[in-house]
Structures are given as C-alpha cells and as structure tokens.
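Residue-level listing of the chains:
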Amino acid sequence: MLGKQEWKVASDQDAIISQVFKAKYYTNGEFLGSSMGHNLSYTWCSIHTSHAFVKDGIRWRLGDGQKIKIWSNPWFCDPQNSYIVSPPIDGLLDLTVSSLIHPTTKIWKETLIHDLFVPFDATRILSMPIYSSHDHDEILWKLSKDDTFSVKSTYYHAMDNMIDSSHLHVSGNWKSLWNLKISRKMIVFLWRVARGCLPTSCSFCMDW
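What counts as what
Residues numbered from 1 in each chain as written. Predicted model: local features only at pLDDT ≥ 70, side-chain atom pairs only at ≥ 80, totals over all residues. Heavy atoms only, no water. Helix = DSSP H or I, 4+ residues; strand = E, 2+ residues; numbered from the N terminus. Rg over C-alpha atoms; globule rule 2.2 N^0.38 Å. Buried < 20%, exposed > 50% of the residue type's maximum accessible area, 1.4 Å probe, protein only. Contact = heavy atoms within 4.5 Å. Areas by Shrake-Rupley, 256 points an atom, 1.4 Å probe, with all protein chains shown as cover. Lys, Arg positive; Asp, Glu negative; His and termini not counted. Charge placed at Lys NZ, Arg CZ, Asp CG, Glu CD. Phe/Tyr/Trp six-rings, centres within 6.5 Å; stacked < 30°, edge-to-face > 60°. Lys NZ or Arg CZ within 6 Å of the ring centre and 35° of its normal.

**As for the overall build of the protein chain**
Okay, step 1: Of the regular secondary structure elements, the protein chain holds nine helices and two strands.
Okay, step 2: Of the regular secondary structure in the protein chain, the N- to C-terminal order runs α-α-α-α-β-α-α-β-α-α-α.
Okay, step 3: Here the C-alpha atoms of the protein chain give a radius of gyration of 22 Å, more than 25% beyond the 17 Å that 2.2 N^0.38 yields for 208 residues.
Okay, step 4: Dimensions of the protein chain along its principal axes, counting C-alpha atoms only, are 70 × 45 × 30 Å.
Okay, step 5: Buried residues in the protein chain amount to 33% of all 208 residues.
Okay, step 6: Summarising the internal contacts of the protein chain: among those between residues at least 6 apart in sequence, 51% fall at separations of at least 24.
Okay, step 7: Carbon and sulfur atoms provide 57% of the accessible area of the protein chain, an area that totals close to 13400 Å².
Okay, step 8: Computing the positive centroid from 21 side-chain charges and the negative centroid from 20, the protein chain places the two 10 Å apart.

So this is what it looks like as structure tokens:
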C-alpha cells in the first residue's frame, strides 16, 4: 500500500506531495534515484521503504525523450532488463533520449547510437518505434496489462522475484479447489481447512 503512494509521487510530478518531496529531499535529482537522506519526516521515511519494489516495476514510455535519462532510467520494453547495459560515458551521464532523435525528422541518429552503445543496446534502440502521437514521456507500470499501478501486481512480483517464498509453497492440485463451482466464501473456507490455518486450537492438512 505504501508502494501505491510512491507510485503517485513518481508518476505525477505535478502533485503537491511530489513537489514538496522534491524541494526537500531530491532538489537536483529525481524521485526514482533519490536516497533516504537526512532529517526525515515520518511520511517520507514510510513511503521510501517501498522504493525498491516500485523502482523495479516502473518503465518510461518514449515520447519526445526530454525527461528520460539514457543511463539511469528504464525505457526499454524488454521485461528482463529495461535499462541500458552499455557503460556510462563520463560527461554524458545526464544525457537524455531526445539527444538520440533527430528533432525534425523524428528518427534515430543511427551513427551516434552505434558510437555510444554496445551492439546489443544499439540494436534495441534502433528497433524501438518513435510514435509522434506521444508528445511527452510517460511513466508506466510494466507489471500490469493496463500500465497502471496495482497492489496485486506488486505483491506477486515481490513474492516471485524479490522475496524468498519457497518455504510457503505447499504441493497439491490447488487449481482444482479454486475452480470449484461453489461460492467464493466456501472455497476460501476449504482452502483454510486444507492449509491448516483455521483459527482453532488444532491444525491439520488435507491432500488435494
């Protein structure tokens, strides 16, 4: 739930809370790259605890490229790695994606791209379409189908990729239970019985 508030700060930079945090904690930077800092407020400290979860699910949609920093922002559609893998170049760390696009023709500067990046990144960039309909860069949530943040998608991503939950897995044909043609309340009750997590003085487990 804290991640939902952090998503609000990251995706809506015009919101009052976003402007207040920027003025106090990351004046010369951006929210996704901010650290905890000093002289913390309770709100900032609480929201920042979900930083790793939210940062892992964010991706930029390319518009004019003015807001996207080439080396520090995720802007590829690749679900495995949305970041540039080429080593950053001294003096060009704050270079934005707009520097790689011709301002008039709206096509990639192919020669420059091959000079700056390893072949793997150059191929990914040049294969990325530039849509003239997207005037501005936009932050998306890559873990959901509609590109918007949801607590559910964040939870599943954390359990599958960021937290060792192997000890919580119980073998069994659980799909057959959840697909039963009975009320949802009854299915949840049966699941609790099978998992031995009913609030009783004894616990037991059933095989499915």
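Further notes follow.
**Topic: the packing of aromatic side chains**
Okay, step 1: Throughout the structure, instances matching the rule amount to eleven aromatic pairs.
Okay, step 2: A centroid spacing of 4.4 Å and a plane angle of 10 degrees characterise the contact between Tyr25 and Trp44, whose relative ring orientation is stacked. A residue pair is termed long-range when its members are at least 10 positions apart, and Tyr25 in helix 2 (residues 16–25) and Trp44 in helix 3 (residues 42–48) qualify at 19 residues.
Okay, step 3: For Trp44, a relative accessible area of 0% translates into the label buried.
Okay, step 4: Aromatic ring contacts, followed pair by pair, group Phe21, Tyr25, Tyr26 and Trp44 into a single cluster.
Okay, step 5: The ring of Phe76 is capped by Arg124, whose NZ or CZ atom sits 3.9 Å from the centre of that ring.
Okay, step 6: We note Arg195 situated over the ring of Trp174; from NZ or CZ to the ring centre the distance is 5.9 Å.

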